[in-house]
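# Close look at the chain arrangement
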Amino acid sequence: MEFNDDFLRSVTIEKQADTLNDIAEIVENFYDLGSVEHIEQIHIGETNFSYFVTLAQNGSVKKYFAQLYNGGKSLADVKHELALREYFMRNRKTSLKCALHYPTKDGGYTVKCYCPEIKRERYFCIFDFLEGDSLGSRDEWAFGRMKEEKYKAYATGIAYYHIGAYGFKSPVSYKESSNMSFEDELKAYKSMFTDELAKMKEKHSDLQEAYRFFTDYQPRLLELLEKYTERYEANKNDLVMCTAHMDPGANNYMFDKNLRPVGVCDLDWSQEHLRLFDITWAILETFCEYDFENLRTNMNIDKCVDFVNAYNRAIENEGNPLPGKMIEKEKEMLPEIFQLVAMRFGFYNPLLLIATDNPTASDEYELYWGNWGKTAIEFVEDHMEEFKNKLLV
């Protein structure tokens, strides 16, 4: 569809803690999809508000998925994601689908919601409801607990997404959206770990335990950031780029009863990036046997290698379409890029929640994810050569 800002409609949502009535009114007033029979907020993710909405129209009832994006998402970000979804479904070559959005009554693509509590605008969209099953709760698919047949299906889902999204050209530029090149992202890491951290300490004095942890690990973190940024810069021209998901946890993929990937969700971070970003993020969430009580992480490197091989087989089985199977240089660089991705996972993203006044941020939250990132980084640092040798066999 054409993304015309002339049809943008606006409302006000007064209370962030109770949005159900507001969302019901938005759906009924701005969309031609029927009357609300049932609406519930589903507590997935930490930034966007998500809902299941059941609507009745012309004697039939249909279920939809709706989303109120977080206050950090711009109109350009929304336009980027919706265009990507349309491209993916036009270009789809496998069993994997994504949900498409519905236009408003007058042909708009989103509804702008001003939220005075946070003094920000948030954007609302309603989507198809995707059928399929998840791989279970985080306790079932993370921490090294995922069964072999499931992590191979998951690797296949990531491969299918890369195939279908490959070649997407966004209608908005980096400057318009919140997307960043990896080079700029790594600069943002350094700023977040130094200047921004210092500002947070003054603004949010209630997070003393978190600040103590981040400050104590800061010299080591900056040392490794510099080391692996240099390694990335030296090898970046040999690494494969694609439209990466950027939040490719197993919770964002859906499967049929035969573990065939049938759905991919949560595309609002997706952008042109290193293919290795998705692969290493998936390994980080899936195979880190993170023990928060004892502050340590173990990883079964053989399973990580098996996961990479499953990804390659999935692409090979589809006839090796672009972006193609992982190349040797990617395998060599995988544990090094892992270190940078773990910095985003355990340090940059949690600190960003503090910087943007997200209520999720707390000492407990920041320490949980920060220690996960730290222990994963140190494990891979201690097993770097073993990781590389097994990947390159």
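Above this text sits the structure in question.
None of these values were measured; they are calculated from a predicted model. (Residues numbered from 1 in each chain as written. Predicted model: local features only at pLDDT ≥ 70, side-chain atom pairs only at ≥ 80, totals over all residues. Heavy atoms only, no water.)

### Notes on the overall build of the protein
A tally of regular secondary structure across the protein gives eleven helices and twelve strands. Computed over its C-alpha atoms, the radius of gyration of the protein comes to 21 Å, within 12% of the 21 Å expected for a compact globule of 393 residues. Referenced to the eigenvectors of the C-alpha coordinate spread, the extents of the protein come out at roughly 60 × 55 × 40 Å. Across the 393 residues of the protein, 55% fall into the buried class. Carbon together with sulfur atoms contributes 46% to the accessible area of the protein, which is approximately 17300 Å² in total. Both charge centroids of the protein, one from 46 positive and one from 67 negative side chains, sit 3 Å from each other. (Helix = DSSP H or I, 4+ residues; strand = E, 2+ residues; numbered from the N terminus. Rg over C-alpha atoms; globule rule 2.2 N^0.38 Å. Buried < 20%, exposed > 50% of the residue type's maximum accessible area, 1.4 Å probe, protein only. Areas by Shrake-Rupley, 256 points an atom, 1.4 Å probe, with all protein chains shown as cover. Lys, Arg positive; Asp, Glu negative; His and termini not counted. Charge placed at Lys NZ, Arg CZ, Asp CG, Glu CD.)

### Notes on the pairing of strand E12 (residues 296-299)
Residue alternation in E12 divides its side chains into a buried set, Thr297 and Met299, and an unburied set, Arg296 and Asn298. Here strand E11 (residues 288-291) runs beside E12; their pairing, made up of four bridges, is antiparallel. Each bridged residue has a counterpart across the sheet, and for Tyr290 the counterpart in E12 is Thr297. Counted along the chain from E11 to the antiparallel partner E12, the turn is four residues long, and its residue Leu295 has a positive phi close to 50°. (Pairing = 2+ DSSP bridges.)

### Comments concerning unusual backbone geometry
Along the chain, Leu322 connects to Pro323 via a cis peptide bond; the corresponding omega equals 15°. Although it is not a glycine, Phe143 adopts a positive phi angle of roughly 60°. Along the polypeptide, Phe143 turns up in the loop between helix H3 (138-141) and helix H4 (148-165). The class of Phe143 is buried, set by a relative accessible area of 11%. Not every positive phi belongs to a glycine, and Asp357 is a case in point at roughly 60°.

### A word on the side chain of His273
Relative to the elements of secondary structure, His273 occurs in strand E10 (residues 271-274). We classify His273 as buried; its relative accessible area is 1%. Within polar-contact distance, the side chain of His273 engages the side chain of Glu185 at 3.2 Å. Residue contacts for His273: discarding those within four places in its chain leaves Phe182, Glu185, Val240, Met241, Cys242, Ala244 and Met246. (Polar contact = N/O pair within 3.5 Å; in protein donor to acceptor, adjacent residues only side chain to side chain. Contact = heavy atoms within 4.5 Å.)

### Remarks on the environment of Glu364
Positionally, Glu364 belongs in helix H10 (residues 363-382). Sequence separation of Glu364 and Glu209 is 155 residues, and the distance between their C-alpha atoms is 8.6 Å.

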